[in-house]
Amino acid sequence: MKQLLLVLNPTSGTKKAAKNLPEIISVFNRADYDVHVYITTCQGDGTAAVRRFARNMDLLVCCGGDGTLNEIVTGLIEEDLYVPVGYIPSGSTNDFANSLHLSANVVDAAEQIVRGTAYPYDVGRFGTRFFTYVASFGAFTRASYQTPQSIKNALGHTAYLLEGIQELSSIRKEHIRIELDGEILEDDYLFGAICNSTSIGGILTLPPRVVDMSDGKFELVLLRTPRDLQELHDCVLALRNQTYDCGMLTFRKADVVRVWADPEMTWSLDGERAEGSALTTIENIHRRITLLH
């Protein structure tokens, strides 16, 4: 019988995964998997579970939000493991899952895994840390890790919008210098994202035609500080229509991005806080993980 490690975050989202745990296990049992369940209790526990148990597994399944998936991928890379991964999204926003069109029904998502095909996907390296779909700074970034879990559970990604709007009155612009593929970009920015996803925080979406999650390239999106209300209006329209042709927005692709910024500027990696530095190097690790879906 094949061995499966199921890492479950019981507090993610509306806790629907924990409520449906017997049904989820049954799906994998019927597919000839011997299921070992690990319940996380604190931040970093997902990585610890991978380090302790994943080496002898045929499949590793993450049941939680994007932050839990980040911990599992981090464990795989740090332990130099290449165990296939299944993702049952049960968080508040599930950006990565939305990009892959995974079912929001946790039992159906388990069925997708056992019937699925293995696909390779890129992972990002942020200094000594890793991310599955986004490293971001500026507006809405703090909301991704400061919004209380109870609010996330009740409102979903609407919570990020509410917190982000409250943040705008106190947000500061960041002077950033970025180097990618020999090009230098330097300006005052409200927001920036180095991403491998069509959805970022439930706020920003990229058209699927421009995002290939296994091409070895990141999508870089920068939002320059608006000079007047007209520029802000043009930017909102561009984001809404996914045209990205206004002067405030910059869109590029690159496999390595170097960012010079105030070392006090914080980042968000897959919705979790990350400390900044004067120079941050962000690299694409081409097709590092394999996902079943």
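Below: a short report on this structure. The shown structure was predicted, so the numbers you read here are calculated from the model rather than taken from an experiment.

## Thoughts on helix α4 (residues 66-78)
For an α-helix, 3.6 residues make a turn, and residues three or four places apart therefore share a direction.
Next up, step 1: Counted at 1.5 Å a residue, the expected span for α4 with its 13 residues is 18 Å, and the 18 Å between its end C-alpha atoms agrees.
Next up, step 2: Among the 13 residues of α4, 12 are classified as buried, and the element is accordingly described as predominantly covered.
Next up, step 3: Among the residues of α4, those classed as buried are Asp66, Gly67, Thr68, Leu69, Asn70, Glu71, Ile72, Val73, Thr74, Gly75, Leu76 and Ile77.
Next up, step 4: A positive backbone phi angle near 55° is found at Asp80, which sits one or two residues after α4.

## Quick notes on the packing of helix α3 (residues 45-53) against α4
To describe two helices that pack against each other, one gives the angle between their axes and the distance between the axes.
Next up, step 1: Following both chains from N to C, one finds α3 and α4 inclined at 35°, their axes separated by 7 Å at the closest point. Helix-helix and strand crossings are classified by hand; for α3 and α4 the assignment is right-handed. Facing α3, whose interface residues are Asp45, Gly46, Thr47, Val50 and Arg51, α4 presents Glu71, Ile72, Thr74, Gly75, Leu76 and Glu78.
Next up, step 2: Taken together, the residues that form the contact of α3 with α4 break down as 3 nonpolar, 4 polar and 4 charged.

## Focus: the pairing of strand β3 (residues 59-64)
Next up, step 1: Burial analysis of β3 places 6 of its 6 residues in the buried class, which makes it a mostly covered element.
Next up, step 2: Because side chains alternate across β3, one face comprises the buried residues Leu59, Val61 and Cys63, and the other comprises Leu60, Cys62 and Gly64, equally buried.
Next up, step 3: Bridging between strand β1 (residues 2-8) and β3 involves 5 bridges; their strand directions are parallel. The residue bridging Leu4 from the neighbouring strand is Leu59, located in β3.
Next up, step 4: Where β3 meets strand β4 (residues 85-89), 5 bridges bridge the pair, whose relative direction is parallel. Along β4, the bridge assignment pairs Leu60 with Val85.
Next up, step 5: Taken together, β3, α4 and β4 constitute a β-α-β crossover, and its handedness is right-handed.

Each value, and the rule that gives it
Residues numbered from 1 in each chain as written. Predicted model: local features only at pLDDT ≥ 70, side-chain atom pairs only at ≥ 80, totals over all residues. Heavy atoms only, no water. Helix = DSSP H or I, 4+ residues; strand = E, 2+ residues; numbered from the N terminus. Expected span 1.5 Å × (residues − 1). Buried < 20%, exposed > 50% of the residue type's maximum accessible area, 1.4 Å probe, protein only. Axes fitted to C-alpha atoms, helices over the stretch in contact; angles between N-to-C directions. Left-handed = near helix turned anticlockwise from the far one by under 90°. Contact = heavy atoms within 4.5 Å. Nonpolar A, V, L, I, M, F, W, Y, C, P; charged D, E, K, R; others polar. Pairing = 2+ DSSP bridges. Right-handed = clockwise from strand over helix to strand, strands pointing away.

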